[in-house]
Amino acid sequence: MSETQAPHASLSGEPLMTVQQHILQEQKKFPGASGEFSWLLSGITLATKLIQAKVQRAGLSNILGEHGEINIQGETQQKLDVYSNEVLGHALSVRETIGVLASEENEHPMLVHQGSENAKYAIVFDPLDGSSNIDVNVSVGTTFSILRRPEGASLDDPEAWVLQPGRQQIAAGYVVYGSSTILVYSVGNGVHGFTLDPSIGAYVLSHPDMKMPEQGKYYSVNEGYSASFPPRYQQYIDRLKQGVLGHPYSSRYIGSMVADFHRTLLKGGIFLYPPTTDNPNGKLRLLYEANPVAFLAEQAGGVAIDGTRRVLDIQPESIHQRVPLVVGSRKELADFERFVPTSG
Ligand code: P6P
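What counts, and where the lines are drawn
Residues numbered from 1 in each chain as written. Predicted model: local features only at pLDDT ≥ 70, side-chain atom pairs only at ≥ 80, totals over all residues. Heavy atoms only, no water. Near = heavy atom within 4 Å. Polar contact = N/O pair within 3.5 Å; in protein donor to acceptor, adjacent residues only side chain to side chain. Areas by Shrake-Rupley, 256 points an atom, 1.4 Å probe, with all protein chains shown as cover. Nonpolar A, V, L, I, M, F, W, Y, C, P; charged D, E, K, R; others polar. Buried < 20%, exposed > 50% of the residue type's maximum accessible area, 1.4 Å probe, protein only. Helix = DSSP H or I, 4+ residues; strand = E, 2+ residues; numbered from the N terminus. Pairing = 2+ DSSP bridges. Arc of directions from axis to C-beta. Contact = heavy atoms within 4.5 Å. Phe/Tyr/Trp six-rings, centres within 6.5 Å; stacked < 30°, edge-to-face > 60°.

Draft legend 1. Highlighting the site of the ligand. Taken together, the neighbourhood of the ligand is formed by 13 residues, with Asp129, Tyr225, Tyr253, Met257 and Tyr273 sitting nearest. A distance of 2.8 Å is found between an oxygen atom of the ligand and a backbone nitrogen or oxygen belonging to methionine 257. Lysine 283 places a polar side-chain atom, nitrogen or oxygen, 3.1 Å from an oxygen atom of the ligand. Alone, the ligand offers 400 Å² of accessible surface; in the complex the protein occludes 88% of this. Considering only residue class, the shell around the ligand consists of five nonpolar, four polar and four charged.

Draft legend 2. How the structure looks around the pairing of strand S7 (residues 169-177). When you tally the buried positions in S7, you get nine out of nine residues, the bulk of the element. Direction of pairing for strand S6 (residues 140-148) relative to S7: antiparallel, over a ladder of eight bridges. Across the sheet, the residue bridging to phenylalanine 144 is glycine 173, located in S7. Pairing analysis gives six bridges linking S7 to strand S8 (residues 181-186), with the strands arranged antiparallel. Note that in S8 the partner of tyrosine 174 across the bridge is valine 184. Between the end of S7 and the start of S8, which pair antiparallel, lie three residues.

Draft legend 3. Seen up close, helix H1 (residues 19-28). The set of residues buried in H1 consists of Val19, His22, Ile23, Glu26 and Gln27. End-on, the buried residues of H1 take up no more than an arc of 125 degrees, which puts them together on one face.

Draft legend 4. Representation of the side chain of serine 42 in the model. Secondary-structure assignment places serine 42 in helix H2 (residues 36-56). A distance of 2.8 Å separates the side chain of serine 42 from the side chain of arginine 95, its partner in a polar contact. The residues touching serine 42, leaving out its near neighbours within four places in the chain, are Gln20 and Arg95.

Draft legend 5. Molecular detail of the packing of aromatic side chains. Taken as a whole, this structure holds seven aromatic pairs when the rule is applied. The interplanar angle of 40 degrees and the centroid separation of 5.9 Å between the aromatic rings of tyrosine 185 and phenylalanine 194 together place this pair among those described as tilted. Both residues of the pair, tyrosine 185 and phenylalanine 194, count as buried. Considering the side-chain rings of tyrosine 233 and phenylalanine 336, the 5.3 Å spacing of their centres and the 70 degrees angle between planes classify their relative orientation as edge-to-face. Of the two residues, tyrosine 233 sits in helix H5 (residues 231-242) while phenylalanine 336 sits in helix H8 (residues 330-339), which places them 103 residues apart along the sequence.

Draft legend 6. Representation of the pairing of strand S10 (residues 202-207) in the model. By the bridge criterion, five bridges tie strand S9 (residues 192-197) to S10 in an arrangement that is antiparallel. By the bridge assignment, phenylalanine 194 is partnered in S10 with leucine 205. As consecutive antiparallel partners, S9 and S10 are separated by four residues, and within that stretch glycine 201 has a phi angle of approximately 65 degrees, a positive value.

Draft legend 7. Region of the structure containing the sheet that holds strand S15 (residues 325-328). Reading across the sheet, the five strands line up as S12-S11-S13-S15-S14 and stay open at both edges, with mixed pairing between neighbours. A strand with exactly one partner marks an edge of an open sheet, and here the two such strands are strand S12 (250-251) and strand S14 (303-305). Examined bridge by bridge, S14 and S15 share three bridges and lie antiparallel to one another. When the bridges of S15 are listed, isoleucine 305 appears paired with valine 326.

Okay, structure coming up:
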């Protein structure tokens, strides 16, 4: 290491910036913010490190296979789903500023601290999105959305804490457990990515101020359902393939939303989960899949709609509500909105 290099310098020679340092810097930009926000987010970083350790060893610790329980979504729970949900629940419930937790794995939101009057935040999360891919070693992810306690929200109505439009999120993010483990988050001041360095057990800034390209070259949708998409969706996808936006598009679909969105954030293009015959409101859940992704997409210069409306403007009616999702680069989304009438 050269003398001039900081003791803990990154490969580029820049001093290492951990996610904790970054959060402390970010929250200085928010008048009145106290250390509580960084303490809250540290609960997420800790939990996702524990989840990552299990995901990386799933095949070895015989944790693969079904847990046998059926979750609120009617899906068979994988053991890692259950573990991830418990780890996040424990790590977050010791943060006294959090009053309500809502998870994809639980039917109802949970009050924590028996509802401390000091609680200011609610956190909504999907502990392990894409879990059906666990057994075949495909990337999975954790998503989270942080909301402020609504003015006057009663402790005996935890649903009111989380049934807020996505534009009310004060922070959102995801962790993608892939070839590397990357945390991407925003507090409304740009999008920043951190790669977990296992040698020091810290998330280190690797993607500062992420911007979604104006246009990409991939479309991402499960074409197995195309016969049941609204016709204009399929016609729109055909246009992309024919090169009407300047070049023919290639298809990329992992079937794990966090991984599909992460690629779209980095490379641009468009990710769609349209309405289908089986899922007329799409399959993705508003509160803990579409909202965090839409928040990040907009912060990075992209666009996120449900086919007609801005995702972040949707008033949720229930915590597991599903919405169609069309998210991606400005150019593709502008063309989509011109081509697919609001009736879909
Ligand atoms: P399909 C995973 O179960 C998930 O909720 C998202 O992560 C993913 O984008 C979607 O479902 C995949 O659904 O119907 O294409 O298998």
